[in-house]
Amino acid sequence: MTWNQEKKKQQKDSFWYGFIPGIILPMAFLITLFKLKYTTNQPIFEAMYKFSKTGLMGKDMITSTLPCFVLFMVFYKLKMERATQGVFVGLAPFLILSFWLF
């Protein structure tokens with residue numbers, strides 16, 4: 001591999017390619033699951049908080065991390081190490097929150 005090819009390869013692998021979807025995907029998937037399973041007249045985040053206090057949202061929060069783990073494996077197989085790290089860093093706050101709430 002020449003120096004120019006190695007430089008182009010490094011430009012395609014970015015931390016932000018993994019971080020942005022790592023932050024957005026779990027919350028979007030959780031909101032989608034919540035809207036499909038529950039009906040309520042309250043604002044969505046207030047209703048989600050009340051359901052999490054009763055223990056009904058625990059499994060949904062863990063399930064909503066699955067798209068990020070799939071994305072993690074895709075980046076890992078493509079050998080995009082920085083993007084893989086970005087997915088993990090983006091997913092970490094949601095994992096901490098999900099374990100703390102249930």
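Residues numbered from 1 in each chain as written. Predicted model: local features only at pLDDT ≥ 70, side-chain atom pairs only at ≥ 80, totals over all residues. Heavy atoms only, no water.

A. Structural detail: helix H2 (residues 15–37). Relative to the 33 Å expected for 23 residues at 1.5 Å per residue, H2 spans 34 Å between its end C-alpha atoms, a close match to the ideal helical length. Structurally, the start of H2 carries an N-cap: the backbone nitrogen of Trp16 is 3.3 Å from a side-chain oxygen of Ser14. (Helix = DSSP H or I, 4+ residues; strand = E, 2+ residues; numbered from the N terminus. Expected span 1.5 Å × (residues − 1). Polar contact = N/O pair within 3.5 Å; in protein donor to acceptor, adjacent residues only side chain to side chain.)

B. The arrangement of the packing of H2 against helix H5 (residues 66–77) in detail. Running from N to C, H2 and H5 cross one another at 155 degrees; their axes reach a closest spacing of 8 Å. Judged on the interaxial angle alone, H5 and H2 are roughly antiparallel. Between H2 and H5, the residues in contact are Tyr17, Gly18, Pro21, Gly22, Leu25, Pro26 and Phe29 and Pro67, Cys68, Leu71 and Phe75, respectively. Grouping the amino acids of the contact of H2 with H5 by side-chain chemistry returns nine nonpolar, two polar and no charged. (Axes fitted to C-alpha atoms, helices over the stretch in contact; angles between N-to-C directions. Parallel < 35°, antiparallel > 145°, perpendicular 65-115°, else oblique. Contact = heavy atoms within 4.5 Å. Nonpolar A, V, L, I, M, F, W, Y, C, P; charged D, E, K, R; others polar.)

C. Highlighting the pattern of salt bridges. This model, assessed by the stated rule, comprises two salt bridges. In this structure, Lys37 and Asp60 form a salt bridge, with 3.1 Å as the shortest nitrogen-oxygen distance. Residue Lys37 is located in helix H2, and its partner Asp60 is located in helix H4 (residues 58–63); the two are separated by 23 residues in the primary sequence. For Lys50, the salt bridge goes to Glu46, with nearest N and O atoms at 3.6 Å. Of this pair, Lys50 and Glu46 both sit in helix H3 (residues 44–54), four residues apart, which is roughly one turn of the helix. (Salt bridge = Lys/Arg side-chain N within 4 Å of Asp/Glu carboxyl O.)

D. Region of interest: the packing of aromatic side chains. Throughout the structure, instances matching the rule amount to four aromatic pairs. Taking the centre distance of 5.5 Å and the plane angle of 85 degrees together, the rings of Phe15 and Trp16 count as edge-to-face. Assessed through its relative accessible area of 27%, Phe15 is described here as partly exposed. Each ring, one from Trp16 and one from Phe19, has its centre 5.4 Å from the other, and the planes form 85 degrees; the classification is edge-to-face. Remark: Phe19 and Trp16 occur in helix H2; sequence separation between them is three residues, near one turn of the helix. Overall, Trp16 belongs to the exposed group, its relative accessible area being 53%. When its relative accessible area of 21% is taken as the criterion, Phe19 is described as partly exposed. Every member of this aromatic cluster is reached through a ring pair, and the members are Phe15, Trp16 and Phe19. (Phe/Tyr/Trp six-rings, centres within 6.5 Å; stacked < 30°, edge-to-face > 60°. Buried < 20%, exposed > 50% of the residue type's maximum accessible area, 1.4 Å probe, protein only.)

E. Structural view of the environment of Ile20. Within the element layout of this structure, Ile20 appears in helix H2. You can call Ile20 partly exposed: its relative accessible area is 43%. Through-space distance from the C-alpha of Ile20 to that of Val89 is 9.9 Å; in sequence the pair is 69 residues apart.

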